[in-house]
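Single-letter residue listing:
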Amino acid sequence: AQSVAQPEDQVNVAEGNPLTVKCTYSVSGNPYLFWYVQYPNRGLQFLLKYITGDNLVKGSYGFEAEFNKSQTSFHLKKPSALVSDSALYFCAVRPPSGNKLTFGGGTRVLVKP
Amino acid sequence: DTGVSQDPRHKITKRGQNVTFRCDPISEHNRLYWYRQTLGQGPEFLTYFQNEAQLEKSRLLSDRFSAERPKGSFSTLEIQRTEQGDSAMYLCASSSSTRGSTGELFFGEGSRLTVL
């Protein structure tokens, strides 16, 4: 069975500083990996995905993520955080042969002005 | 708006009552998923459909929960004899399984259930 770990419940960062949200996964085979963001009382919005190819993938709102197979990680990054990036971030994994996403517990990001 | 829509957005009910949630997926998507999310937690998979067939159900889905997608378009999730532990956000998502699709899910805004 697949699983996702997000080791940090909360990440605090000053506006303009780089932001990193960590994610590690466990899955059989080559993973499909995803990041979603959730604002208060809203559904999840898709940010980016890794399926194959370049280990660095770029997504919406200036976010990017780096796939590291040896470390089974898929950390989300943004070079310069904005106050509006404050939200709940979820990493998710799907095996290539499966049809459902398994989500991590989420990391709350707080960007202070 | 061609996104996933869910109704109602909020439902407050008394313990023991039945509730039903509706989800309308993105029109060209053949897969539909239900997830449950409690406060501050990640979404937990409940069940999914491909067209009208319910292909997988989580062990989280007790006998009081039933989901249908009768014509392969909209879906309903019914909870019978609600309990306070059912209080959560119920999220619907859809995706496409067509060739070349990489299966990311597109979520609705969710239906928040409060059981008193």
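Scroll up to find the structure this text is about.
This section reports on the structure supplied with the text.

The rules we used
- Residues numbered from 1 in each chain as written.
- Chains lettered and ligands numbered in written order.
- Predicted model: local features only at pLDDT ≥ 70, side-chain atom pairs only at ≥ 80, totals over all residues.
- Heavy atoms only, no water.
- Helix = DSSP H or I, 4+ residues; strand = E, 2+ residues; numbered from the N terminus.
- Rg over C-alpha atoms; globule rule 2.2 N^0.38 Å.
- Buried < 20%, exposed > 50% of the residue type's maximum accessible area, 1.4 Å probe, protein only.
- Contact = heavy atoms within 4.5 Å.
- Areas by Shrake-Rupley, 256 points an atom, 1.4 Å probe, with all protein chains shown as cover.
- Lys, Arg positive; Asp, Glu negative; His and termini not counted.
- Charge placed at Lys NZ, Arg CZ, Asp CG, Glu CD.
- Buried area = accessible area lost by both parts, 1.4 Å probe.
- Salt bridge = Lys/Arg side-chain N within 4 Å of Asp/Glu carboxyl O.
- Polar contact = N/O pair within 3.5 Å; in protein donor to acceptor, adjacent residues only side chain to side chain.
- Disulfide = S-S within 2.5 Å.
- Core = buried A, V, L, I, M, F, W, Y, C linked by side-chain atoms within 4.5 Å.

So, about the overall build of chain A. Counting secondary structure elements, chain A contains zero helices and 12 strands. Traced from its N-terminal end to its C-terminal end, chain A shows the element sequence β-β-β-β-β-β-β-β-β-β-β-β. In terms of C-alpha radius of gyration, chain A reaches 13 Å, essentially the compact-globule figure of 13 Å for 113 residues. On the principal axes, the C-alpha backbone points of chain A span a range of 45 × 30 × 20 Å. Of all 113 residues assigned to chain A, the portion counted as buried reaches 48%. For chain A, the share of sequence-separated contacts (at least 6 apart) that also reach a separation of at least 24 residues comes to 55%. With the model as given, the accessible surface of chain A reaches about 5,300 Å², and the carbon-plus-sulfur share is 48%.

Summing up its helical and strand segments, chain B has zero helices and 11 strands in all. In chain B, the succession of α and β elements from N to C terminus is β-β-β-β-β-β-β-β-β-β-β. A compact globule built from 116 residues should have a C-alpha radius of gyration of about 13 Å, and chain B, at 14 Å, falls within 12% of that. Taken along its principal axes, the extent of the C-alpha atoms in chain B is 45 × 25 × 25 Å. Within chain B, the fraction of its 116 residues that count as buried is 47%. Across chain B, the fraction of contacts at a sequence separation of at least 24, relative to all contacts at a separation of at least 6, is 53%. Mean positive and mean negative side-chain charge positions of chain B (15 and 14 charges, respectively) differ by 4 Å.

Accessible area lost during the coming together of the parts is what is often quoted as the interface size. Listed per partner, the contact involves 21 residues of chain B and 19 residues of chain A. Summed over both partners, the interface of chain B with chain A comes to about 1,700 Å²; 49% of that surface belongs to carbon and sulfur atoms. On the surface where chain B and chain A come into contact, there are three salt bridges. Between A:K100 and B:E56 there is a salt bridge, with the nearest N and O atoms lying 3.0 Å from each other. At the boundary of chain B with chain A, the tally comes to six residue pairs in polar contact (both at pLDDT 80 or more). Broken down by secondary-structure element, the contributors of at least two residues to the side of chain B that touches chain A are strand 4 (31-37) and strand 5 (44-50) of chain B.

The next point concerns the state of the cysteines. All chains considered together, the criterion is met by two disulfides over all chains. Through a disulfide, A:C23 is tied to A:C91; the S-S separation comes to 2.0 Å. Because the torsion about its S-S bond is -65°, the bridge between A:C23 and A:C91 counts as left-handed. Note that A:C23 is positioned in the loop between strand 3 (19-21) and strand 4 (24-26) and A:C91 in strand 10 (residues 87-94), a separation of 68 residues in sequence. Grouping residues by exposure puts A:C23 and A:C91 together as buried. Paired through a disulfide, B:C23 and B:C92 show a sulfur-sulfur distance of 1.9 Å. Classification of the bridge connecting B:C23 and B:C92 rests on its S-S torsion, roughly -70°, and on that basis the disulfide is left-handed.

Attention now moves to the nonpolar core. Residues and elements named next belong to chain A. In terms of nonpolar packing, the biggest core is built from 27 residues, with L19, W35, L47, L48, F74, L76 and Y89 touching the most fellow members. Contributions of two or more residues to this core are made by strand 2 (10-14), strand 3, strand 5 (32-38), strand 6 (44-50), strand 8 (64-68), strand 9 (73-78), strand 10 and strand 12 (107-112). Ignoring anything within four residues of it in the chain, the contact list for L48 reads L33, F34, W35, V57, K58, G59, F63, E64, A65, F74 and L76.

In the segment running from B:D7 into B:P8, the intervening peptide bond is cis, with an omega of -5°. A positive phi angle, close to 45°, is found at A:T72, a residue other than glycine. Inspection of the secondary structure puts A:T72 in the loop between strand 8 and strand 9. For A:T72, a relative accessible area of 31% gives the class partly exposed. With a phi close to 55°, B:N51 is a non-glycine residue in the positive phi region. Looking at where B:N51 falls in the secondary structure, it is placed in the loop between strand 5 and strand 6 (53-57).

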